[in-house]
Amino acid sequence: MAYLVRNDIVQYACTCGQLRPISFLYFCRHCLKLRCGYCVCHEVESHYCSNCLEILPSAEARLKKNRHVPKHIRKCQACFDCPNCLNTLAVRGTTVSVRDPEDPSKVNSQKKYYHACFFCRWTTRDVGLPDQAVQTVSANGWAQKNTSNLQRITVLLEHAKLLGMLERHEREQREKKFTTRFRRNFSHLPGLTAAHVRKRAGLPPELPAPSTIKVNLAEFQPAVAKDTVQELPSDIFTEELDISRVTTLAQRFAQPETQPENIEDLLPMYKHLSTKQSQRCRECEHNVSKPELNPSSIKFKIQQAAYFHVPEVRFVTIEPPIGGKPSEVVILFINPSQHPTTLSFITLQEAEDEMKQYHSEGSADTSVQQGEAPPSLSSLTKPVTVVEEQKPIDISLTGEVLLPAPDIEIILPPKDDAAEYDDSGETQQFHDDPKIVIHRRANKASLRFTVVPKTDFIGENCVIGFAFRYTYVNRISSPAISTSEQKPQKVQLCTRVFMNCGKILEGTQ
Amino acid sequence: MIKTYYESGSLSTERQAVVIEFGNCYTKVGFAGEAGPRSIVPSEVRSLKDGRTRKVFDAVKADDQYNLLVEFIHNLYFRHLLVSPKDRRVVVVESVLCPTAIREMLAKVFFVHFEVSSLLFVPSHVVALSTLGVNTALVVDMGATETVVIPVCEGVAVLHAWQAQPLAAKAVEGQISDMLKEREKSDPLEAEGYNNLTEKIIEDIKVRACFVTTLERTQKAREGKPCPCPPSINYLVGPGSNKINISGDVRENAFNILFEQDADQISVSTMMLDAITKCPIDMRKPLAENILLIGGTSMAVGMKARIQEELNFLVSSPQYSEKLKLRTFKFHTPPAKENYTAWLGGAIYGATDIVSTRSLSKEAYLKDRKVPDWVSLIYNTLNEGVKRSV
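Residues numbered from 1 in each chain as written. Chains lettered and ligands numbered in written order. Predicted model: local features only at pLDDT ≥ 70, side-chain atom pairs only at ≥ 80, totals over all residues. Heavy atoms only, no water.

(A) Representation of the overall build of chain B within the structure. Along the backbone of chain B there are 16 helices and 15 strands. For chain B, whose C-alpha radius of gyration is 23 Å, the value lies close to the compact-globule estimate of 21 Å for 390 residues. The principal-axis extent of the C-alpha atoms belonging to chain B is close to 80 × 60 × 35 Å. The buried share of chain B, reckoned over its 390 residues, is 57%. The contacts of chain B with a sequence gap of at least 6 include a subset with a gap of at least 24, amounting to 67%. Counting only carbon and sulfur atoms, one obtains 52% of the accessible surface of chain B, whose full area is about 16700 Å². One finds the centroid of the 46 positive side-chain charges in chain B at a distance of 3 Å from the centroid of its 46 negative side-chain charges. (Helix = DSSP H or I, 4+ residues; strand = E, 2+ residues; numbered from the N terminus. Rg over C-alpha atoms; globule rule 2.2 N^0.38 Å. Buried < 20%, exposed > 50% of the residue type's maximum accessible area, 1.4 Å probe, protein only. Contact = heavy atoms within 4.5 Å. Areas by Shrake-Rupley, 256 points an atom, 1.4 Å probe, with all protein chains shown as cover. Lys, Arg positive; Asp, Glu negative; His and termini not counted. Charge placed at Lys NZ, Arg CZ, Asp CG, Glu CD.)

Shown next as structure tokens:
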């Protein structure tokens with residue numbers, strides 16, 4: 001599958017104007033539009049450790065700085081990355097013989113564990129970390145050594161917060177009338193405490209009295225500059241430098257707070273977590289893809305991929321394209337849905353006009369919807385949906401394709417998994433034009449097209465483009481329709497396809 | 001559909017703002033109120049089509065730039081920060097000299113593509129001071145492409161005294177590359193190694209092998225009495241592990257490009273003194289006694305010592321002895337590595353109320369599609385009436 005569709009031979013135009021192979025596209029069943037990774041809203045669903053596949057709830061992950069620190073000593077080992085080559089460290093066990101403290105003549109053997117990298121052979125013993133008695137290393141055993149900075153930064157943070165409060169207090173004094181009016185507006189909302197009301201109104205929480213702020217501010221001690229700086233070590237001019245003992249930038253930046261310069265100062269790093277992401281349609285805010293929470297599962301709760309809904313297009317045969325000469329191309333259309341679909345072909349220009357018309361209607365709708373909410377209420381009302389403007393398709397057509405007349409319709413039967421194994425041949429009869437449809441089987445049909453490559457693009461790829469309409473059965477009942485009619489809706493959709501027929505050759509005559 | 005008041009996230013505890021400092025070479029990302037960035041990542045994007053990596057801020061066309069930024073920031077959120085960008089506040093630490101086009105582009109990417117709830121641009125030179133708790137300092141940002149000196153007095157950047165020159169990491173790397181090419185001619189045996197030198201390798205040589213020498217040794221060399229060179233090292237290049245020899249001369253003198261006065265007599269140290277000279281006379285002493293060096297290039301071994309030597313030497317030289325009567329220069333040590341000091345300043349700012357009161361909100365941006373900027377008089381006048389009418 002990956003090989004068949006994951007190349008740039010056949011590309012579909014997404015609603016936003018990006019060109020993607022069908023396997024990279026989503027289909028929103030609520031808007032009935034194609035969506036791609038560029039025009040959907042990505043969201044982080046869950047965090048997990050890619051080494052031991054343990055899920056961490058996101059709040060906990062944030063507290064732990066997205067580095068994996070297992071809470072309990074369980075089967076799962078503490079996961080660390082090698083500070084030298086940034087791969088995952090493995091735990092190695094050895095038996096060490098230890099002299100018994102009570103009876104010096106006796107020697108006990110003890111199981112000890114250390115971490116080693118199987119890629120670069122770095123071990124925790126290299127940097128003098130003691131071996132552990134248990135497999136799981138507690139995080140504070142290898143704590144980072146910059147606690148003095150941390151204390152100072154906490155003081156600075158408090159100081160900055162106090163300054164911010166003082167500034168706000170002064171401004172609120174100035175605008176007192178304005179803020180009281182605000183509060184009154186929200187007093188009718190039930191169940192909201194004063195703090196919530198402030199937050200709703202876009203106001204930060206209540207301030208302490210300015211006198212206490214000033215007292216606290218006076219306690220702060222600013223940094224003092226010194227007239228001595230770190231000197232250049234004098235032995236740098238005489239000592240031989242072993243460059244393999246100096247860390248690279250990548251190694252330093254992997255530990256941003258300490259940025260060790262010598263190999264000896266490298267410490268194992270907690271493994272960076274990975275995320276599972278869901279994709280959401282920006283217009284209707286429905287999910288188009290949502291994975292299962294469990295990191296070891298590769299299944300999805302929701303997966304509205306385009307190849308489940310939109311007819312797939314593949315090349316069957318291509319005559320070598322020669323500049324200016326018509327050549328025959330056979331293209332296969334596959335209906336992936338559970339309902340029969342009807343295909344008809346239109347040019348790109350017609351499809352664009354149709355879309356423009358649709359788009360202008362759509363934009364008129366949204367402008368009404370946004371309305372003019374008072375700015376104070378903006379956080380209470382539904383947030384404004386932002387949709388990026390469409391981009392023009394970034395491809396130049398180097399070949400003309402002659403399409404069948406737009407009134408010719410080709411019916412594709414529904415996908416039937418059992419039919420794949422049915423050798424009995426065709427049972428259904430379609431009244432096809434044999435000049436167009438050259439082969440049929442189950443939910444697939446091969447159609448014949450004529451392509452005329454342009455003469456002034458010899459040596460370049462022959463790119464053709466066309467659009468096709470197909471009928472789609474919408475089985476999602478929107479709340480407005482479900483009351484009046486329960487029947488699935490049949491709609492006609494249109495999609496644009498760009499195909500690469502290979503290099504244009506020069507005519508031989 | 002009616003949402004209850006308790007449902008949406010904004011009512012519960014306020015989510016931490018994301019703090020990003022975009023750099024030409026490296027971008028620092030993390031959360032407000034934390035002591036260090038989560039990641040320092042190269043400002044590069046790998047193209048899906050041909051697998052090449054491209055610098056994010058190298059694009060010429062606006063369209064191209066937009067796509068690069070979208071991809072880069074997507075990676076920042078989903079591979080490094082691991083949070084959803086939607087409805088979260090963002091603080092961007094930027095240089096005051098950042099082009100308006102880039103600011104506008106960033107605002108568009110954040111608001112339109114990532115739908116963040118608010119965006120706050122903070123000037124890197126000013127916020128870096130919040131890592132010290134002082135209000136007045138001469139801030140020297142030695143970055144990848146430029147060294148920018150801006151004096152900050154009582155929390156306000158003295159803009160008319162700013163100095164910016166392309167005397168930074170790229171200049172040093174250019175110098176290393178030139179010096180190594182010189183050697184290549186004399187050493188045909190190692191030609192293969194020299195041919196494979198990429199930008200990354202030159203950067204690696206700069207970081208791991210080079211250092212900033214003392215003023216005394218440089219002066220002796222200028223007088224024609226050079227001191228013995230530091231030992232040379234062997235360096236392996238590329239997949240073939242071709243050996244090249246990095247001479248002591250390269251190791252010692254590559255960084256000198258920052259301190260050699262060019263035709264206009266400008267070097268990193270004269271920039272600092274010029275910035276002080278342009279300030280009013282009563283500000284000069286506090287500035288000279290509060291110098292803050294930030295940016296990755298200032299982390300080079302011996303850089304601070306050299307800058308101090310240079311400053312002491314220059315103020316007594318005829319070039320400045322008449323103009324400046326300063327005798328002491330004092331340096332600050334922030335509680336962070338130099339390359340993320342400005343980021344930390346942004347993280348401290350981002351944890352205060354300022355982020356909720358001074359940010360550009362999504363609603364405000366979508367109304368005007370403009371970012372308030374200090375260079376624009378529409379936003380930069382005291383008269384409120386003028387602002388309203390425009």
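Further notes follow.
(B) Region of interest: the overall build of chain A. On a plain count of helices and strands, chain A comes out with nine helices and 22 strands. Looking at chain A as a whole, 41% of its 509 residues qualify as buried. Just so you have it, chain A exposes about 29200 Å², and 52% of that area is on carbon and sulfur atoms.

(C) Fine view of the pattern of salt bridges. Residues and elements named next belong to chain B. The tally for this structure, following the rule as stated, stands at 32 salt bridges over all chains. A salt bridge links E34 to R38; its shortest N-O distance comes to 3.0 Å. K170 is the salt-bridge partner of E173, the closest N and O atoms lying 3.6 Å from each other. Of this pair, E173 and K170 are both found in helix α4 (residues 169–186), three residues apart, which corresponds to roughly one turn of the helix. (Salt bridge = Lys/Arg side-chain N within 4 Å of Asp/Glu carboxyl O.)

(D) Inspection of empty space enclosed by the protein at higher detail. Scanning the model with the defined rule gives two cavities of 30 Å³ or more in all. In this structure, the largest cavity spans a volume of roughly 70 Å³. Forming the boundary of the largest cavity are A:V40, A:C41, A:H42, A:R282, B:H74, B:F78, B:P85, B:K86, B:H113, B:F114 and B:E115. Of all the secondary-structure elements, those providing two or more residues to the lining of the largest cavity are β5 (40–48) of chain A together with α1 (62–81) of chain B. For the lining of the largest cavity, the class distribution of residues is five nonpolar, three polar and three charged. (1 Å grid on protein atoms, 1.4 Å probe; cavity = no way out; pocket = protein on both sides within 12 Å on 5 of 7 lines; lining within 4 Å. Points joined across faces, edges and corners; volume = space filled by probe spheres on them. Nonpolar A, V, L, I, M, F, W, Y, C, P; charged D, E, K, R; others polar.)

(E) Representation of the environment of B:Q308. Along the polypeptide, B:Q308 turns up in helix α11 (residues 303–315). Distance in space between the C-alpha atoms of B:Q308 and B:E289 is 12 Å, their sequence separation being 19 residues. Among residues more than four places away in sequence, those in contact with B:Q308 are A:D227, A:T228, A:V229, B:F329 and B:F331.

(F) Just the side chain of B:T27, in detail. Residue placement: B:T27 occurs in strand β2 (residues 26–31). Aside from chain neighbours lying at most four places away, what touches B:T27 is B:I20, B:E21, B:F22, B:S39, B:I40, B:V41, B:S43, B:F72 and B:L76.

(G) Inspection of the confidence of the model for chain B at higher detail. Residues and elements named next belong to chain B. In this model, chain B carries an average pLDDT of 87, and 93% of its residues clear a pLDDT of 70 or more. Here residues 1–13 is modelled with pLDDT under 50, and outside its nearest four sequence neighbours on either side it reaches 15 contacts, counting other chains as well. Segment residues 385–390: pLDDT under 50, and three contacts once partners within four positions in sequence are set aside and those in other chains are kept. Taken together, the chains of this predicted complex give a pTM of 0.87 and an interface ipTM of 0.88. (pLDDT = per-residue confidence, 0-100.)

(H) Looking closely at the interface of chain B and chain A. Contacts between the two partners involve 89 residues from chain B and, on the opposite side, 76 residues from chain A. Interface of chain B and chain A: buried area, both sides summed, is about 7000 Å²; carbon and sulfur atoms make up 60% of it. If you look at where chain B meets chain A, you find four salt bridges. Of the charged contacts, one joins A:E167 and B:R358 as a salt bridge, the two residues approaching to 2.9 Å between their closest N and O atoms. Inspection of the region where chain B meets chain A yields 19 residue pairs in polar contact (both at pLDDT 80 or more). It is α1(B) that provides the largest number of residues to the side of chain B that touches chain A, a total of nine residues. (Buried area = accessible area lost by both parts, 1.4 Å probe. Polar contact = N/O pair within 3.5 Å; in protein donor to acceptor, adjacent residues only side chain to side chain.)

(I) View of the packing of helix α7 (residues 215–222) of chain B against α11(B). Residues and elements named next belong to chain B. Between α7 and α11, whose axes approach to 9 Å, the crossing angle comes to 65 degrees. Between α7 and α11, the contacting residues are L215, T218 and Q219 on the first element and R306, E309, E310 and F313 on the second. Of the residues in the contact of α7 with α11, the class split is two nonpolar, two polar and three charged. (Axes fitted to C-alpha atoms, helices over the stretch in contact; angles between N-to-C directions.)

(J) Quick look at helix α9 (residues 268–277) of chain B. Most of α9(B) sits out of view: 10 of its 10 residues are buried. If you check which residues of α9(B) are buried, you get B:V268, B:S269, B:T270, B:M271, B:M272, B:L273, B:D274, B:A275, B:I276 and B:T277.

(K) Structural detail: the sheet that holds strand β6 (residues 55–56) of chain A. With antiparallel pairing, the five strands of this open sheet are ordered in space as β6-β5-β11-β12-β13 (chain A). Edge strands, defined here as strands with exactly one partner in the open sheet, are β6 and β13 (300–303) of chain A. Across eight bridges, the pairing between β5(A) and strand β11 (residues 274–281) of chain A is antiparallel. Its bridge partner lying in β11(A), A:C41 is registered against A:R280. Packing of α1(B) onto the sheet brings it into contact with β5 and β11 of chain A, and relative to β5(A) it is tilted by some 25 degrees. (Pairing = 2+ DSSP bridges.)

(L) Main features of the nonpolar core. Grouped together as the largest cluster of nonpolar side chains are 81 residues, with contacts concentrated most on A:F333, B:F22, B:Y77 and B:F110. Broken down by element, this core gets its largest block of residues, 10 residues, from α1(B). Inspection of this core shows a minimum of three residues originating in each of domain 1 (36–88 + 262–305) and domain 2 (310–369 + 380–420 + 429–503) of chain A. Excluding its chain neighbours within four sequence positions, the residues that come into contact with B:F110 are B:I20, B:F22, B:I73, B:Y77, B:V90, B:V92, B:E115, B:V116 and B:L119. (Core = buried A, V, L, I, M, F, W, Y, C linked by side-chain atoms within 4.5 Å. Domains from an automatic or database assignment.)

(M) Representation of the confidence of the model for chain A in the model. Per-residue pLDDT for chain A has a mean of 78; in total, 76% of the residues score no lower than 70. Counting contacts from residues 364–381 of chain A, a segment whose pLDDT is below 50, to residues more than four positions away or on other chains yields 12 contacts.

(N) Spotlight on the sheet that holds strand β16 (residues 341–346) of chain A. Residue and element names in this part refer to chain A. Strand order in this open sheet of six strands is β2-β1-β22-β21-β16-β18, and the pairing throughout is antiparallel. At either margin of the open sheet sits one strand with a lone partner, and together these are β2 (19–20) and β18 (410–412). Bridge count between β16 and β18: three bridges; the pairing is antiparallel. By the bridge assignment, L343 is partnered in β18 with I410.

(O) Broad picture of α7(B). Residue and element names in this part refer to chain B. Considered for burial, the residues of α7 that qualify are L215, R217 and T218. Relative to the axis of α7, the buried residues are bounded by an arc of 165 degrees and lie together on one face. The elements touched by buried residues of α7 are α8 (248–253) and α11. Downstream of α7 by a residue or two, G224 has a phi angle that is positive, lying close to 90 degrees. (Arc of directions from axis to C-beta.)

(P) Geometry of the side chain of B:S84. Within the secondary structure, B:S84 is located in the loop between α1 and β6 (89–94). At a separation of 2.8 Å, a polar atom in the side chain of B:S84 contacts the main-chain amide nitrogen of A:V44. Beyond its immediate sequence surroundings of up to four residues, B:S84 is in contact with A:H42, A:E43 and A:V44.

(Q) Main features of the environment of A:V229. Within the fold, A:V229 resides in the loop between α6 (210–218) and α7 (249–253). Counting along the chain gives 180 residues from A:V229 to A:E409, while the straight-line C-alpha distance between them is 82 Å. Leave out the neighbours within four places in its chain, and A:V229 touches B:K304, B:A305, B:Q308 and B:F331.

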